[in-house]
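Overview (structure and organization)
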Amino acid sequence: VDRLSLLFLLPKRRLIEESSPAFVKALRKQSVKVIALTSCYTGRVGVVESVERWRIDHLNQLGFSFASSFPQCKRIEFTDIAQPKKTPPLYEDGVLFSKGYSKGEVLQVFLDEVSFTPSEIIFIDDLECNLDSVEQVAKEMNIPFRGFHFTGAKRFAKPLNKKRMIFQLNHLMETGEWLPDCVF
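Residues numbered from 1 in each chain as written. Predicted model: local features only at pLDDT ≥ 70, side-chain atom pairs only at ≥ 80, totals over all residues. Heavy atoms only, no water.

1. Notes on the overall build of the chain
When its secondary structure is counted, the chain shows 6 helices and 6 strands. Its helices and strands taken in sequence order, the chain reads α-α-β-α-β-β-β-α-β-α-β-α from the N to the C terminus. Each of the three principal axes of the chain carries a C-alpha extent, and together these read 50 × 35 × 30 Å. Counting all 184 residues of the chain, 35% fall into the buried class. Total accessible area computed for the chain in this model is approximately 11600 Å², and 54% of it derives from carbon and sulfur atoms. When the 25 basic and 23 acidic side-chain charges of the chain are each reduced to a single mean position, those positions are 6 Å apart. (Helix = DSSP H or I, 4+ residues; strand = E, 2+ residues; numbered from the N terminus. Buried < 20%, exposed > 50% of the residue type's maximum accessible area, 1.4 Å probe, protein only. Areas by Shrake-Rupley, 256 points an atom, 1.4 Å probe, with all protein chains shown as cover. Lys, Arg positive; Asp, Glu negative; His and termini not counted. Charge placed at Lys NZ, Arg CZ, Asp CG, Glu CD.)

Below is the structure:
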């Protein structure tokens, strides 16, 4: 598990849409509250002491900062909706972590916790089920909703090469080094 957790740290990641950080900054300049809602893990995973901190730092390195939307909230664990054998959803520095929970439910609990009712929810996600869950919560809260299904990553998708993947994972487990796809 320790070596496998290096998959968080070693592969290089890139922006799908280069204009996204500037777009978020422009919204923040207009006093629009912008947060990230991710299904990323939280807690320790192998050598990664805090996956949520890794994710926040990684977003910051890519030019995204969400902490200013709710500066009074540094870290909130939503233990009220925690399920057995699952870490509770978490908010930290502008990022909501919902791994194992509906994104809509986690957003609703967060908005209730911070006593904030947006005039509109604009939500972008690559999975339609996440769009549906947030749209349902918006309807229940009587908040106008605009959802956008993001498919931009598909243009970079390549068919899975199982032989290469197994070789990469075996090499990682043996050496602690990640071999990027471009090596092959």
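Next comes the rest of the write-up.
2. Some details on helix α6 (residues 162-175)
Its 14 residues give α6 an end-to-end C-alpha distance of 20 Å, which sits within 8% of 20 Å, the value for a rise of 1.5 Å per residue. Residues Arg164, Gln168, His171 and Leu172 constitute the buried set of α6. Angularly, the buried residues of α6 cover 100° about the axis, an arc narrow enough to put them on a single face. Pointing more than 90 degrees away from the buried face of α6 are the exposed residues Lys162, Lys163 and Glu174. Of the residues one or two after α6, Gly176 is the one with positive phi, at around 80°. (Expected span 1.5 Å × (residues − 1). Arc of directions from axis to C-beta.)

3. Some details on the pairing of strand β5 (residues 121-125)
Alternating residues of β5 divide into Ile121, Phe123 and Asp125, all buried, and Ile122 and Ile124, none buried. Examined bridge by bridge, β5 and strand β6 (residues 145-149) share 5 bridges and lie parallel to one another. Directly across from Ile122, in β6, lies its bridge partner Arg146. Note that the unit made of β5, helix α5 (residues 128-140) and β6 has a crossover that is right-handed. (Pairing = 2+ DSSP bridges. Right-handed = clockwise from strand over helix to strand, strands pointing away.)

4. A word on the side chain of His171
With respect to the helices and strands, the residue His171 is situated in helix α6. For His171, a relative accessible area of 18% translates into the label buried. Aside from chain neighbours lying at most four places away, what touches His171 is Gly176, Glu177 and Leu179. (Contact = heavy atoms within 4.5 Å.)

5. With respect to the sheet that holds strand β3 (residues 90-92)
Pairing is mixed across the open sheet formed by 4 strands, whose spatial order is β1-β4-β3-β2. Whereas interior strands pair on both sides, the edge strands pair on one side only; in this sheet they are β1 (36-38) and β2 (75-77). Ignoring strand direction, the axes of neighbouring strands in this sheet form an average angle of 15°. Two elements, β3 and strand β4 (residues 95-97), share 3 bridges in a ladder whose sense is antiparallel. Each bridged residue has a counterpart across the sheet, and for Leu90 the counterpart in β4 is Phe97. Of the strands in this sheet, β1, β2, β3 and β4 are in contact with helix α3 (residues 51-61), which crosses β4 at around 145°. (Axes fitted to C-alpha atoms, helices over the stretch in contact; angles between N-to-C directions.)

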